[in-house]
Amino acid sequence: MTAETSSEGAARGFVYALFAYGFWGALPLFMKLLAHIPAVEVVAHRIVWSVPIAGAVILALGRTADLKRALRSPRTIALAALTAGLITVNWGLYVWAIAVDRAVETSLGYYINPLVSVVLGAVLLKERLSRAQIAAVALAAVAVVILTVEAGGLPWVSLALAFSFAAYGFLRKTLPIGPSQGFFLEVLILALPALAYVVWLGATGQGHFVLSNPNDVALLLLCGPTTAVPLLFYAFGAKLLRLSTLGIMQYVAPTGIFLIAVFVFGEPFGQARAAAFGLIWIALAIYTWSMATQAKSNRDAAQAFEHRGG
């Protein structure tokens, strides 16, 4: 691969990832329109209408052989069922939090997610933390303490979102299948119970997917593309970008959520929250600097090895 080709690929990857993160950052505006519909019903429609989109992408990319191999592996299916369960919990909590005016807590959850991933790596994989990473995690812990004292209880929405998504990412890396195929496999596993729930809601008159309410029908149908499209763009972008670049870009989404929560939804943002978020932002700056420094050191070491004829 030539430098020019590599540069073009990185530029495409940046655009794909920026679209995905920017979309996720603006997603609360759409989710707020669904606030009158129970979160479980919204998640069910997100799953059901994601299946045909993800399936069409798999067909277009010619990745059906990978999917067939995965479907013949009980271990892969079991692991995909576990990751599907985790992302369903994450989606449900996110939809509920936006509906009940807790978007600020949602943004905090996705801000601290990379720091939670660092902790999981240290605990589960015995990865050694650098001093900068330890400092970043410590600052995040202080921020959580401040929010706990201010609210009179743990910021459980933020922590649940952060830990569920970090656990999903941790397990998703072990799934022996590509990103787009993995997403399709997850929603395929979830499709049957989700569809059964949607049908049951309709049969009992509790559902919102009824022809007499075309606005709700349109919004629920849009749950498919708003779920699948950014995930697929992210998957394509991740293939073309360095991990360090993705790590820096991931703050676009929670920043968008935070700005919308405070300036569009008008959620409260007092001194305690300001102090906590300030600590989180400092922690993320330290973490990002550490990650970028380590990536540069690894590249320099690789180049030195090549020059020595290794």
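Reading the values: rules and limits
- Residues numbered from 1 in each chain as written.
- Predicted model: local features only at pLDDT ≥ 70, side-chain atom pairs only at ≥ 80, totals over all residues.
- Heavy atoms only, no water.
- UniProt positions renumbered as here; feature names shortened; annotations may be inferred.
- Helix = DSSP H or I, 4+ residues; strand = E, 2+ residues; numbered from the N terminus.
- Rg over C-alpha atoms; globule rule 2.2 N^0.38 Å.
- Buried < 20%, exposed > 50% of the residue type's maximum accessible area, 1.4 Å probe, protein only.
- Lys, Arg positive; Asp, Glu negative; His and termini not counted.
- Charge placed at Lys NZ, Arg CZ, Asp CG, Glu CD.
- Expected span 1.5 Å × (residues − 1).
- Salt bridge = Lys/Arg side-chain N within 4 Å of Asp/Glu carboxyl O.
- Phe/Tyr/Trp six-rings, centres within 6.5 Å; stacked < 30°, edge-to-face > 60°.
- Lys NZ or Arg CZ within 6 Å of the ring centre and 35° of its normal.
- Axes fitted to C-alpha atoms, helices over the stretch in contact; angles between N-to-C directions.
- Parallel < 35°, antiparallel > 145°, perpendicular 65-115°, else oblique.
- Left-handed = near helix turned anticlockwise from the far one by under 90°.
- Contact = heavy atoms within 4.5 Å.
- Nonpolar A, V, L, I, M, F, W, Y, C, P; charged D, E, K, R; others polar.
- Core = buried A, V, L, I, M, F, W, Y, C linked by side-chain atoms within 4.5 Å.
- Bend = angle between axes of the 7 residues up to and from the residue.

As recorded in an unreviewed UniProt entry, the protein goes by the name Permease, listed as coming from Aquibium oceanicum. Per UniProt, the protein carries the Sequence similarities (unreviewed entry) text "Belongs to the EamA transporter family."

Peer 1: Account for the overall build of the protein, with residues named and values stated.
Peer 2: Per the secondary structure count, the protein includes 12 helices and 0 strands. Taken over C-alpha atoms, the radius of gyration comes to 21 Å for the protein, in line with the 19 Å a tight globule of 310 residues would show. In terms of its C-alpha atoms, the protein occupies a principal-axis envelope of roughly 70 × 55 × 35 Å. Looking at the protein as a whole, 44% of its 310 residues qualify as buried. Taking the 20 positively charged and 13 negatively charged side chains of the protein as two groups, their mean positions are separated by 10 Å.

Peer 1: Please provide a residue-by-residue account of the UniProt feature "domain: EamA" (unreviewed entry) in the protein, values included.
Peer 2: Those places that UniProt annotates as "domain: EamA" (unreviewed entry) correspond, in this numbering, to residues 13–148. Taken as a whole, residues 13–148 contains 86% helix and 0% strand, while its terminal C-alpha atoms sit 39 Å from one another.

Peer 1: Which residues make up helix α11 (residues 252–263), and what values go with them?
Peer 2: An α-helical turn contains 3.6 residues, so any two residues separated by three or four positions project in the same direction. Helix length check: α11 (12 residues) gives 16 Å between terminal C-alpha atoms against 16 Å at 1.5 Å per residue, within 8%. Along α11, the positions that sit buried rather than exposed are Ala-253, Pro-254, Gly-256, Ile-257, Phe-258, Ile-260, Ala-261 and Val-262.

Peer 1: Go over the pattern of salt bridges with me, naming the residues and quoting the values.
Peer 2: The final tally for this structure, using the stated rule, is 5 salt bridges. The partner of Asp-66 in a salt bridge is Arg-69, with the nearest N and O atoms 2.3 Å apart. Here the residue Asp-66 and the residue Arg-69 both occupy positions in helix α3 (residues 64–71), the gap between them amounting to 3 residues, near one helical turn. On the accessibility criterion, Asp-66 (25% relative accessible area) is partly exposed. The exposure class assigned to Arg-69 is partly exposed, which follows from its relative accessible area of 49%. Look at the salt bridges and you will find they share partners, linking Arg-102, Glu-105 and Arg-273 into a network.

Peer 1: Please set out the packing of aromatic side chains residue by residue, giving values where relevant.
Peer 2: By the definition in use, this model includes 19 aromatic pairs. Both rings, one in Phe-258 and one in Trp-281, keep their centres 5.5 Å apart while their planes meet at 85°; by these two values the pair is edge-to-face. A residue pair is termed long-range when its members are at least 10 positions apart, and Phe-258 in helix α11 and Trp-281 in helix α12 (residues 271–307) qualify at 23 residues. A relative accessible area of 35% places Trp-281 in the partly exposed class. Through pairs of rings, three or more aromatic residues link up here, namely Tyr-111, Phe-258, Phe-269, Phe-277 and Trp-281. Taking NZ or CZ as reference, Lys-32 lies 4.6 Å from the ring centre of Phe-265, over its face. In this structure, Arg-46 packs its charged tip against the face of Trp-91, placed 4.9 Å from the ring centre.

Peer 1: Provide a residue-level description of the packing of α3 against helix α8 (residues 179–203), including the pertinent values.
Peer 2: Across the interface, α3 lies against α8 with an axial gap of 10 Å and an inter-helix angle of 50°. The orientation of α3 with respect to α8, classified from their angle, is oblique. Here the hand of the crossing between α3 and α8 comes out right-handed. Listed contacts from α8 to Asp-66, Leu-67, Ala-70 and Leu-71 of α3 are Gln-181, Phe-184 and Leu-185. Partitioning the contact of α3 with α8 into residue classes produces 5 nonpolar, 1 polar and 1 charged.

Peer 1: An account of the nonpolar core is requested, with residue identities and associated values reported.
Peer 2: Ranked by internal contacts, the top residues of the largest apolar core, which has 77 residues, are Met-31, Leu-34, Tyr-94 and Ile-280. Leave out the neighbours within four places in its chain, and Tyr-94 touches Trp-24, Leu-27, Pro-28, Met-31, Arg-46, Thr-106, Tyr-110, Leu-161 and Ile-257. In terms of nonpolar packing, the next biggest core, distinct from the first, is built from 6 residues, Ala-17, Tyr-21, Leu-241 and Leu-246 among them.

Peer 1: Go over the packing of helix α4 (residues 74–99) against helix α5 (residues 103–124) with me, naming the residues and quoting the values.
Peer 2: It is the contact of α4 with α5, at a shortest axis distance of 8 Å, that shows an interaxial angle of 145°. Here Asn-90, Tyr-94, Ala-97 and Ile-98 of α4 lie close against α5, whose contacting residues are Ala-103, Thr-106 and Tyr-110. Classifying every residue of the contact of α4 with α5 gives 5 nonpolar, 2 polar and no charged.

Peer 1: Explain unusual backbone geometry to me, using residue names and the numbers behind them.
Peer 2: A positive phi angle, close to 65°, is found at Asp-101, a residue other than glycine. Turning to its location among the elements, Asp-101 is positioned in the loop between α4 and α5.

Peer 1: With reference to specific residues and values, describe α8.
Peer 2: The terminal C-alpha atoms of α8, which comprises 25 residues, lie 35 Å apart, in line with the 36 Å expected from a rise of 1.5 Å per residue. Along α8, the sharpest change in direction is near 45° and occurs at Ala-191; proline Pro-193 comes one to four residues later. Looking one or two residues beyond α8, the residue adopting positive phi is Gly-205, at roughly 75°.

Peer 1: Explain the side chain of Ser-107 residue by residue, including any values.
Peer 2: Relative to the assigned elements, Ser-107 resides in helix α5. Other than its neighbours up to four places away in sequence, Ser-107 contacts Pro-254, Ile-257, Phe-258 and Phe-277.

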